[in-house]
Amino acid sequence: IDPESVDKIAVMRQRIEHERAKRGKAGWDIKLGYGGLVDIEFVVQLYQLLWGAHNPLLRSTSTWDVLEALESQGLLPPAAAQSLREAYCFLRRAESALRIVDDRSINTIPDDPGKQRRLARRLGYQDTGKVRAEDAMLADLQACTARVRTLYEERMQELRNRPSGGT
């Protein structure tokens, strides 16, 4: 995979985000949106494309297992791998809680404050003297997705700049 292929994959990701996960009226899509689960999955799958043929540990269908393998094989810095695992866990928990709160398959944080509150409570957030549970959840979600997007962009740039022909 050459730098041009990495660029094409990044454009595909951008298109998914813009066409299928518009933040705003419909809510905040934690799967397809900015810094969502798909950012993590794209990074993992790109590493699998690059090194999976020569590294059986990367041939798993489990994003979590591949993140661990990428770290153990020295392909991802430990801090990046740990951040991506933590974000993956948080976003998957939020996705599961969303589906329970809404009683259907859904990946979007609702705009409705009442539904946000129920989701926050299901995720274990509590009101404090200064911050409502839903506001704390949204702040954590925003920090998480920003961190994921930064890591996604760093990894994509690193893969674009890697020497040609070497894996």
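Coordinates for the structure precede this section.
Given the structure is predicted, the values throughout are model-derived calculations rather than measurements.

Each value, and the rule that gives it
Residues numbered from 1 in each chain as written. Predicted model: local features only at pLDDT ≥ 70, side-chain atom pairs only at ≥ 80, totals over all residues. Heavy atoms only, no water. Helix = DSSP H or I, 4+ residues; strand = E, 2+ residues; numbered from the N terminus. Rg over C-alpha atoms; globule rule 2.2 N^0.38 Å. Buried < 20%, exposed > 50% of the residue type's maximum accessible area, 1.4 Å probe, protein only. Areas by Shrake-Rupley, 256 points an atom, 1.4 Å probe, with all protein chains shown as cover. Lys, Arg positive; Asp, Glu negative; His and termini not counted. Charge placed at Lys NZ, Arg CZ, Asp CG, Glu CD. Salt bridge = Lys/Arg side-chain N within 4 Å of Asp/Glu carboxyl O. Contact = heavy atoms within 4.5 Å. Core = buried A, V, L, I, M, F, W, Y, C linked by side-chain atoms within 4.5 Å. Arc of directions from axis to C-beta. Axes fitted to C-alpha atoms, helices over the stretch in contact; angles between N-to-C directions. Parallel < 35°, antiparallel > 145°, perpendicular 65-115°, else oblique. Left-handed = near helix turned anticlockwise from the far one by under 90°.

A. Quick peek at the overall build of the protein. Along the backbone of the protein there are six helices and two strands. Ordered by position from N to C terminus, the α and β elements of the protein give α-β-α-α-α-β-α-α. Taken over the C-alpha trace, the protein has a radius of gyration of 17 Å; the compact-globule value for 167 residues is 15 Å, and the two agree within 12%. Its C-alpha atoms put the protein at 55 × 30 × 30 Å along the principal axes. A burial count over the protein gives 45% of its 167 residues as buried. Approximately 9100 Å² of the protein is accessible, and the part contributed by carbon and sulfur atoms is 50%. Looking at charge distribution, the protein has the averaged site of its 26 positive side-chain charges lying 3 Å from that of its 24 negative ones.

B. The pattern of salt bridges, seen in detail. Throughout the structure, instances matching the rule amount to 15 salt bridges. Of the charged contacts, one joins Asp39 and Arg149 as a salt bridge, the two residues approaching to 2.7 Å between their closest N and O atoms. Of this pair, Asp39 sits in helix H2 (residues 37-51) while Arg149 sits in helix H6 (residues 133-160), and the two are 110 residues apart along the sequence. For the salt bridge of Arg85 with Glu71, the shortest nitrogen-to-oxygen distance reads 2.8 Å. One end of the pair, Arg85, is in helix H4 (residues 78-102); the other, Glu71, is in helix H3 (residues 63-72), with 14 residues separating them in the sequence. Here Arg85 falls in the buried class, since its relative accessible area comes to 8%. Taking relative accessible area as the criterion, Glu71 reaches 25% and is therefore assigned partly exposed. Members of the salt-bridge network, linked through shared partners, are Arg117, Asp127, Arg132, Glu134 and Asp135.

C. Quick peek at the side chain of Ser83. Its location among the elements puts Ser83 in helix H4. Leaving out residues up to four positions away in the same chain, Ser83 has contacts with Arg147 and Leu151.

D. Structural context of the nonpolar core. Counting 48 residues, the largest nonpolar core has Ile40, Leu76, Leu91 and Ile109 as its most contacted members. For this core, the secondary-structure elements that each account for two or more residues are helix H1 (3-20), H2, H3, H4, helix H5 (113-122) and H6. Leu91 has contacts with Ile30, Gly35, Gly36, Leu37, Ile40, Leu141, Cys144 and Thr145, leaving out every residue within four places of it along the chain.

E. Representation of H3. Turning to H3, its buried residues are Thr63, Val66, Leu67, Ala69 and Leu70. For H3, the arc enclosing every buried residue in end-on projection is 165°, short of the 170-degree limit, so these residues lie on one face. The inward-facing, buried residues of H3 abut H2 and H4. Positive phi appears at Gly74, one or two residues downstream of H3, with a value of about 75°.

F. Highlighting the packing of H2 against H3. Two numbers describe how H2 lies on H3: the axes approach to 10 Å, and their chain directions differ by 60°. Classified by the interaxial angle, the pair formed by H2 and H3 is oblique. Here H2 and H3 pass one another in a crossing that is left-handed. Here H2 contributes Ile40, Glu41, Val44, Tyr47 and Gln48 to the contact with H3, which in turn contributes Thr63, Val66, Leu67 and Leu70.

Purely geometric numbers; function is a separate question.
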